[in-house]
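Results of the structural survey
Spelled out from the first residue to the last, the chains are:
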Amino acid sequence: MPPTTPYAGKFNSCPPYSNNNHSQPQSPYRSHTAPKPSRENAYTGAYSVAENPYDVPQPHAAYRSSSVSSVNAKEHHYSSSCAMSGTPYSSPQPHSPRQHSTSCPGRAYRHTSNCSSSSSDQSCRNSGSSAKARLYGHSVTASYGEMCYHDNSLVSASLEALIQHLVPTVDYYPDRSYVFTFLLSSRLFLHPYELMTRVCHLCVEQQRSGDALLDKIRFREVAPKLVQLLTEWTETFPYDFRDERMMRCLKDMTLQVARGDEYSWRAMQQMTQCLIKRLSALGQYEEAVAALNAMAQDRPASLKSKQTSAQRSDILSMCDDPFILAQQLTHIELDRLSFIGPEEFIQSFAMKDPLENHKGFFRKRKTSNLEAYVNWFNRLSFLVATEICMPVKKKHRARIIEFFIDVAQECFNIGNFNSLMAIITGMNMSPVARLKKTWNKVNTDKFEILEHQMDPSSNFSNYRTALRGATQRSETAHSSQEKIVIPFFSLLIKDIYFLNEGCANRLPNGHINFEKLWELAKQVSEFLVWRQVICPFDRDRRVLQYLVTTPIFTEDELHLASYESEGPENNMEKDSRRSLRSSLLHRENRS
């Protein structure tokens, strides 16, 4: 259902989501020439982002134990999305991880162990047999070795069993939803390097029979599936391989594969080349962001040059069309979203013990791209406040407020909720909110409606309704613009954080709570779909440069600029202005 508000019908220029093109509101800043779509990439040399791994249901595995009914499975073959258009990640829409959970219970193991019983119907009930199932009403809870299922969905298992379940064999390849879910969340329990080492070791060791010729034949048969697994890993979680130990392990496996199968060896080389290109693009992106941040470090002239602020370029001199500015903001949002690795959501609260001591990515660049995106939100909020507080004339300040309201409205129409919320946040900062004489000259009807859409009450229920509407529009999109969904990112992080905090990683019997891992993967997989959209709008490099590099006020400088725009109203504000002036003057003299 499209989002509804108590203002329905009143806010005609901000229509509810639909599959039709949005009619753009008329604005005093707005030209009537729509820009031509462009599919230009954000950064030179940027790689195409790996798409979501939940899009193609995989045939269920044939299990290797007589205690479980086998299911005929089609053999999986690997392919590299860097070289082939027929990539297994081609569909833009994900399926839920739970929809992809294996319909037959997991692989039975040579070694079984008892699982502690629990009052929950979903708990493991295994008394030493390799497979056991019980009926509870219309639901079935079953245990197979050290893996427990409820209604044919994996709910818990030991870490060793989960690792073993990831290892491919000649007649088995793990379901792709399981591969993504476990690779994503396994870092809560062990380092990716340790997981990769153990998976590769098990895959090789399981082919050993004591006969060198037979071993070579068996490994040649399993090599394509091992390459497929590593390809999925490098495509979906390429940042794991910034750790030199991961690259060394990948190189070792390439040499191992080369001894058995030339075709698989060539596929490994192709996969490694694609990985290196991705990591190179990431390095270029991080250097570009660092350079832009350095350019923005120059402080704008403070109060001493307030009177000459007319000489400074402002947002209206750069772009007086709110639709164009909203498009450029969407470019920046999608550019920065595309470089956030899905694992960064999990690594933000992953364990920090001895793993931190190694110079790999856990210490150096654990969540750098995620943090850079959050910093962009903060910068945009302060940029909005700076642009409003800078002008000397009240009429000019009011015009800029009205302009940003129109930009926020256009962001809502596009589906860019992150920029929308950043603009609202900037306009609600106390240095801006206290400008009562300025606000009296502004028609705030549209702003109040936008604030209602992003109202934090009831856990952002209005925003979540609008986000669902944007997601539905994206799923049935008839144009590139309709595919755009940029969530309010801080709330997405908060949701994932509380999902992690609200559910235990392990159950009382020591098993890993795989239901929690399914839910984490489900939330992150939505993000993967949103981030792969290519911005269809023309790029205005002059406006983009201004948005990411123009200097902005600090919080203290904003307060001081606000007091200069509209004088203090009480003794507390007078004392605050005096203190801020003294502090900033002292800071300038020291610099």
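Residues numbered from 1 in each chain as written. Predicted model: local features only at pLDDT ≥ 70, side-chain atom pairs only at ≥ 80, totals over all residues. Heavy atoms only, no water.

Under an unreviewed UniProt entry, the name given to the protein chain is RasGEF domain family, member 1Bb, and the source organism is Iconisemion striatum.

Further remarks concern the environment of Glu402. Relative to the elements of secondary structure, Glu402 occurs in helix H12 (residues 394-414). Taking the C-alpha atoms as reference, Glu402 lies 7.6 Å from Asn443; in sequence the two are 41 residues apart. (Helix = DSSP H or I, 4+ residues; strand = E, 2+ residues; numbered from the N terminus.)

Looking now at the packing of helix H11 (residues 368-389) against helix H21 (residues 555-565). Put simply, H11 and H21 touch, their axes get as near as 9 Å, and they point 25° apart. The angle between the axes of H11 and H21 places the two elements in the roughly parallel class. Note on packing geometry: the crossing formed by H11 with H21 is left-handed. Packed against H11, whose contacting residues are Phe382, Ala385, Thr386 and Cys389, the element H21 presents Glu555, Leu558, Ala561, Ser562 and Ser565 at the interface. (Axes fitted to C-alpha atoms, helices over the stretch in contact; angles between N-to-C directions. Parallel < 35°, antiparallel > 145°, perpendicular 65-115°, else oblique. Left-handed = near helix turned anticlockwise from the far one by under 90°. Contact = heavy atoms within 4.5 Å.)

The subject of this paragraph is helix H8 (residues 322-337). Helix length check: H8 (16 residues) gives 22 Å between terminal C-alpha atoms against 22 Å at 1.5 Å per residue, within 8%. If you check the start of H8, you find a side-chain oxygen 2.9 Å away from the backbone N of Phe323, and it comes from Asp321. (Expected span 1.5 Å × (residues − 1). Polar contact = N/O pair within 3.5 Å; in protein donor to acceptor, adjacent residues only side chain to side chain.)

With that settled, the discussion passes to the environment of Val392. Residue placement: Val392 occurs in the loop between H11 and H12. A C-alpha to C-alpha distance of 8.2 Å links Val392 and Glu564, two positions 172 residues apart in sequence.

What follows is about the pattern of salt bridges. Per the counting criterion, the structure on display carries 16 salt bridges. For Asp406, the salt bridge is made with Lys446, and the minimal N-O distance between the two is 2.6 Å. Taken as a pair, Asp406 in helix H12 and Lys446 in helix H16 (residues 445-453) lie far apart in primary sequence, 40 residues in all. Residue class for Asp406 comes out buried when judged on its relative accessible area of 7%. We note a salt bridge from Asp575 to Arg578, for which the minimum N-O separation is 2.9 Å. Of the two residues, Asp575 and Arg578 both sit in helix H22 (residues 571-590), three residues apart, roughly one turn of that helix. When its relative accessible area of 54% is taken as the criterion, Arg578 is described as exposed. In this structure, a network of salt bridges that share partners links the residues Glu160, Glu194 and Arg198. (Salt bridge = Lys/Arg side-chain N within 4 Å of Asp/Glu carboxyl O. Buried < 20%, exposed > 50% of the residue type's maximum accessible area, 1.4 Å probe, protein only.)

On to the confidence of the model for the protein chain, then. With 70% of its residues at a pLDDT of 70 or more, the protein chain shows a mean pLDDT of 77. The element-level mean pLDDT for the protein chain is lowest in helix H10 (residues 361-364), coming to 42, with helix H13 (residues 417-427) highest at 98. Per-residue pLDDT stays below 50 along residues 301-305; that stretch engages in 11 contacts with residues further than four places along the chain or on separate chains. Counting interchain partners and residues more than four positions distant, the pLDDT-below-50 stretch residues 353-365 has 28 contacts. (pLDDT = per-residue confidence, 0-100.)

Before going further, it helps to examine a nonpolar patch on the surface. On the surface, Leu213, Leu214 and Ile217 cluster together into a nonpolar patch covering about 270 Å² of accessible area. Along the chain, the position of Ile217 falls in helix H4 (residues 212-236). (Patch = residues over 30% accessible without salt bridge, like charges linked within 9 Å, V, L, I, M, F, W, Y side chains within 5 Å. Areas by Shrake-Rupley, 256 points an atom, 1.4 Å probe, with all protein chains shown as cover.)

Another aspect to go through is the state of the cysteines. In this structure the tally under the stated criterion is zero disulfides. We note that Cys203 lacks a disulfide partner, and the nearest cysteine sulfur, in Cys200, lies 7.3 Å from it. (Disulfide = S-S within 2.5 Å.)

Burial along strand S3 (residues 147-150) is two-sided: the residues Met147 and Tyr149 and Cys148 and His150 are all buried. For S3 and strand S4 (residues 153-157), the ladder comprises four bridges, and the chain directions are antiparallel. Pairing of Tyr149 across the sheet is with Leu154, part of S4. (Pairing = 2+ DSSP bridges.)

Turning our attention to unusual backbone geometry. The backbone of Asn152 sits at a positive phi, close to 65°, despite the residue not being glycine. Locating Asn152 in the fold gives a position in the loop between S3 and S4. Of note, the phi angle at Asn459 is positive, near 55°, even though the residue is not glycine. Of the residues examined, Asn459 reaches a relative accessible area of 42% and is grouped as partly exposed.

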